[in-house]
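Coordinate analysis (summary)
The chain contents come next:
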Amino acid sequence: MKPSHIEHIGIAVKTLDDAIPYYERLLGTPCYAIEEVKDQQVRTAFFKIGQTKIELLESTSPEGPVGKFIEKKGEGIHHIAFAVEGLEHALDEAKDSGIRLIDEKPRVGAEGLHIAFLHPKSTFGVLTELCEDKNK
Ligand code: CMX
């Protein structure tokens, strides 16, 4: 799969309003985008630090993946996303090596990235996202 870098770290928070000021102080940089991803039932807020982003995730529904995560585990690191070139091929490789895919095919996530998730039960407990910026 050979990712080029960590594209972002997703952090589940109860509310963006409470979490954004903390990250703005910590990172010394303003939140540069807030975006709702309807099919994931989340609102996201982004910060850039070097090549990597911090993505805060606020659930818009208790039934969504982040709502369920917070209910079970509380706030905290939700997933790690690796940037790859050739996402479809990377998914084929993951599948061939026995990793369970959540998304068999890429779909469009926040910031227009093409994304796909690997199941935490086959990635040592870490929900893992592979993503590709097709505009690059
Ligand atoms: N990290 C690690 N483990 C996780 C997890 C996470 N983020 N989310 C769930 N799990 C674990 C649960 O603890 C549970 O483990 P146990 O069976 O040992 O208790 C197991 O996975 C099943 O969890 P669940 O609460 O029953 O939830 P589901 O099986 O319905 O869904 C998952 C889990 C990972 C398949 C689902 O959350 C998913 O499809 N995630 C991918 C999409 C996503 O997370 N979108 C939000 C971000 C979108 C964005 O960045 O734009």
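Anyway, here's the lowdown on the structure attached to this text. Values in this document were obtained by computation on a predicted structure and should not be read as measured data. (Residues numbered from 1 in each chain as written. Predicted model: local features only at pLDDT ≥ 70, side-chain atom pairs only at ≥ 80, totals over all residues. Heavy atoms only, no water.)

Of all residues adjacent to the ligand, which total 18 residues, the nearest are Gln40, Glu55, Lys68, His78 and Lys121. Separating a nitrogen atom of the ligand from a side-chain N or O atom of glutamine 40 is a distance of 2.5 Å. The side chain of lysine 72 places a nitrogen or oxygen atom 3.4 Å from an oxygen atom of the ligand. Protein chains bury 73% of the 970 Å² of accessible surface belonging to the ligand in isolation. Most atoms of the ligand, that is more than half of them, are within 2 Å of grid points of the largest pocket. Mapped by element, the contributors of at least two residues to the shell around the ligand are β4 (52–59), α2 (65–73) and β5 (76–83). With six residues, α2 is the single largest residue contributor to the shell around the ligand. (Near = heavy atom within 4 Å. Polar contact = N/O pair within 3.5 Å; in protein donor to acceptor, adjacent residues only side chain to side chain. Areas by Shrake-Rupley, 256 points an atom, 1.4 Å probe, with all protein chains shown as cover. 1 Å grid on protein atoms, 1.4 Å probe; cavity = no way out; pocket = protein on both sides within 12 Å on 5 of 7 lines; lining within 4 Å. Sits in = over half its atoms within 2 Å of the grid points. Helix = DSSP H or I, 4+ residues; strand = E, 2+ residues; numbered from the N terminus.)

Bringing unusual backbone geometry into the picture now. Of note in the backbone geometry, lysine 2 takes a positive phi value of approximately 45° without being a glycine. Inspection of the secondary structure assignment puts lysine 2 in the segment before β1 (5–13). Accessibility expressed as a relative area gives 79% for lysine 2, which makes it exposed. Phi at glutamine 41 takes a positive value of approximately 55°, unusual for a residue other than glycine. Mapped onto the fold, glutamine 41 is located in the loop between β2 (33–37) and β3 (42–49). Of the residues examined, glutamine 41 reaches a relative accessible area of 28% and is grouped as partly exposed. (Buried < 20%, exposed > 50% of the residue type's maximum accessible area, 1.4 Å probe, protein only.)

Let us look at the packing of aromatic side chains. How two aromatic rings sit relative to each other is given by the distance of their centres and the angle of their planes. Considering all chains together, one arrives at three aromatic pairs under this definition. With 4.9 Å between their ring centres and 80° between their planes, tyrosine 22 and tyrosine 23 make a pair best called edge-to-face. Ring centres of tyrosine 23 and phenylalanine 47 lie 6.0 Å apart, and the angle between their planes is 40°; this geometry places the pair in the tilted category. With tyrosine 23 in helix α1 (residues 16–27) and phenylalanine 47 in strand β3, the pair connects residues that are 24 residues apart, well separated along the chain. Across the pair, phenylalanine 47 and tyrosine 23 agree in class, each one buried. Linked through ring pairs, Tyr22, Tyr23 and Phe47 together constitute an aromatic cluster. (Phe/Tyr/Trp six-rings, centres within 6.5 Å; stacked < 30°, edge-to-face > 60°.)

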